[in-house]
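For reference, the chains in residue letters:
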Amino acid sequence: MQVVVIGAGLAGLCAARDLVDAGHSVTVLEKSRASGGRCATRRIGDATFDHGAQFFTARSAEFTAMVEQWITLGIVREWCRGFGAGDGHSRYCGAAGMTTIAKHLATGLDVRYNALAFDIRPEGGAWVVMLDDASRFVADAVVVTCPIPQALSLLAHTDLEVPDGIRTITYDKTIAALVVVQGGTNVPEPGGVQSGDAVFSFIADNHRKGISACGALTFHANAAFSEEHWWNDADATHRLLLEHARPWISDATIVDHQPKRWRMATPRTIWPEQSWAQRQIVLAGDAFAGPRVEGAVLSGRAAARHLLT
């Protein structure tokens, strides 16, 4: 079976990995220049930032077994067991940043980067995936793991009957700031703060987290702030975010800083099943059965299982 997977986030990579392991031919199309999706790690000079997903938990037996294997391989490690008072439940992160997980999953796969798919249509009993450069891929099946609005636009020339519960899924936005600092800050151990104030949903000290050689703070504005300021001047919004971040930066010197925006960061509603399929097209991703790293991984694997049964 020839399969095209659209999206090299964790869902797409896990689907591709399981399909390849089962002996099928898989091509992964990724519009960006790297895999991982929101499991994203960026460098600014000597500083390293996780600027998307900050950590993950393992709740199911299936995912826990995968995480234990990743730990053995040195792909991930335990960061902490809760923020603030803590709850004793392990929070994991990529050993060298969250993108470490994606790089591991992508090893040995045929991943085409800077490959923007814009259309899927039927042709002679198969599916044709069209790219923006007019190239085309013919497949027996297609796994679509991009955010739902993008997935629906890809399906515009099919007659698939996607349920309203999927069609109506929308996403919260996230505006972020990456700040290189020198000196002590007010971000407490273990280097992460959830919902620390009225503006930020998460603040990470990537140096304390263990992925950065120097001071590197990630600030994620919450959904309300991000929605309110999304269409404002980007530079002015970034300066405003830095002003709100000052109490956490404290007396540390700001060496450098960059903005980052996630237009479809977190699905507001979730389709209860791990994937959805019709006529050898499967939709998967973190909008299915949980907007977490674990949810994305299990959704991708569920997509592969559907095609293998």
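These numbers come from a predicted model, not from an experiment.

Asker: Explanation requested: the environment of P247 in the structure shown.
Answerer: Locating P247 in the fold gives a position in helix α8 (residues 234–249). P247 sits in the exposed class, given a relative accessible area of 52%. Separated by 62 residues in the primary sequence, P247 and T185 have C-alpha atoms spaced 8.6 Å apart.

Asker: Can you walk me through the pairing of strand β8 (residues 117–123) in this structure?
Answerer: Look at any regular strand and the pattern is simple: side chains alternate between the two faces of the sheet. With six bridges connecting them, β8 and strand β9 (residues 126–131) associate as antiparallel partners. Bridging from a neighbouring strand, R121 pairs with V128 of β9. Joining the antiparallel neighbours β8 and β9 is a turn of two residues, in which G124 adopts a positive phi near 55°.

Asker: Before we go on, may I ask you to explain the nonpolar core in this structure?
Answerer: Generally speaking, a soluble globular protein has its nonpolar side chains buried in company with each other. In this structure, L10, F56, F63, W70 and I101 are the most contacted members of the largest nonpolar core, which totals 47 residues. Contacts of F63, omitting those with residues within four sequence positions, involve F56, T57, A58, W70, V293, E294, V297 and L298. Core analysis: the second largest hydrophobic core is formed by 31 residues, W127, F137, M264 and A287 among them.

Asker: Sorry if this is basic, but what is going on with the pairing of strand β3 (residues 41–44) here?
Answerer: Sheet analysis places β3 next to strand β4 (residues 47–50), joined by four bridges and oriented antiparallel. Counterpart to R42 in the pairing with β4 is F49. Here β3 folds back onto β4 in antiparallel fashion, the turn holding two residues, of which G45 has a positive phi close to 60°.

Asker: Looking at this structure, how should I read the environment of Q278?
Answerer: Secondary-structure assignment places Q278 in strand β17 (residues 276–278). Between the alpha carbons of Q278 and L160 there is a distance of 6.8 Å; along the sequence they are 118 residues apart. Leaving out residues up to four positions away in the same chain, Q278 has contacts with D159, L160 and E161. At a separation of 2.9 Å, a polar atom in the side chain of Q278 contacts the main-chain amide nitrogen of E161.

Asker: How should the packing of helix α1 (residues 10–21) against helix α9 (residues 293–308) be read in this particular structure?
Answerer: In helix packing, the relevant descriptors are the interaxial angle and the interaxial distance, both defined with respect to the helix axes. As a packed pair, α1 and α9 sit with axes 7 Å apart at the nearest point and diverge in direction by 35°. Read as a crossing pair, α1 and α9 show a hand that is right-handed. Where α1 abuts α9, its residues L10, A11, C14, A15, D18 and L19 lie against V293, A296, V297, G300, R301, A304, L307 and L308.

Asker: Quick question: what am I supposed to make of the sheet that holds strand β14 (residues 200–205) here?
Answerer: To summarise the sheet geometry, strands pair through backbone hydrogen bonds and adopt either a parallel or an antiparallel arrangement. Taken in spatial order, the five strands of this open sheet run β13-β14-β15-β12-β16, and their pairing is antiparallel. Of all strands in the sheet, those bounded by a partner on one side alone are β13 (192–194) and β16 (253–267). Here the average twist between neighbouring strands, direction ignored, is 15°. Most of the contacts of α8 go to strand β12 (residues 171–182), to which it runs at about 60°, and overall it touches β12, β13, β14, β15 (215–221) and β16.

Asker: Sorry if this is basic, but what is going on with the side chain of T158 here?
Answerer: By the secondary structure assignment, T158 is in the loop between α4 (148–154) and α5 (164–167). Setting aside residues up to four positions removed in sequence, T158 forms contacts with I120, R121 and W127.

Asker: I keep staring at the packing of aromatic side chains and nothing clicks. Help me out?
Answerer: The description of an aromatic ring pair rests on the distance of the ring centres and on the angle between the ring planes. One pass over the structure, following the stated rule, counts eleven aromatic pairs. Considering the side-chain rings of W79 and F202, the 6.4 Å spacing of their centres and the 70° angle between planes classify their relative orientation as edge-to-face. Here W79, found in strand β5 (residues 76–80), pairs with F202, found in strand β14; they are 123 residues apart in sequence, far enough to count as distant. Overall, the relative accessible area of 6% leaves F202 in the buried class. Put simply, the rings of F55, W79, F83 and F202 touch in pairs and so form one group of aromatic residues. The ring centre of W262 lies 4.5 Å from the NZ or CZ of K260, which sits over that ring. Over the face of the ring belonging to W230 we find R261, whose NZ or CZ atom lies 4.9 Å from the ring centre.

Thresholds applied
- Residues numbered from 1 in each chain as written.
- Predicted model: local features only at pLDDT ≥ 70, side-chain atom pairs only at ≥ 80, totals over all residues.
- Heavy atoms only, no water.
- Helix = DSSP H or I, 4+ residues; strand = E, 2+ residues; numbered from the N terminus.
- Buried < 20%, exposed > 50% of the residue type's maximum accessible area, 1.4 Å probe, protein only.
- Pairing = 2+ DSSP bridges.
- Core = buried A, V, L, I, M, F, W, Y, C linked by side-chain atoms within 4.5 Å.
- Contact = heavy atoms within 4.5 Å.
- Polar contact = N/O pair within 3.5 Å; in protein donor to acceptor, adjacent residues only side chain to side chain.
- Axes fitted to C-alpha atoms, helices over the stretch in contact; angles between N-to-C directions.
- Left-handed = near helix turned anticlockwise from the far one by under 90°.
- Phe/Tyr/Trp six-rings, centres within 6.5 Å; stacked < 30°, edge-to-face > 60°.
- Lys NZ or Arg CZ within 6 Å of the ring centre and 35° of its normal.

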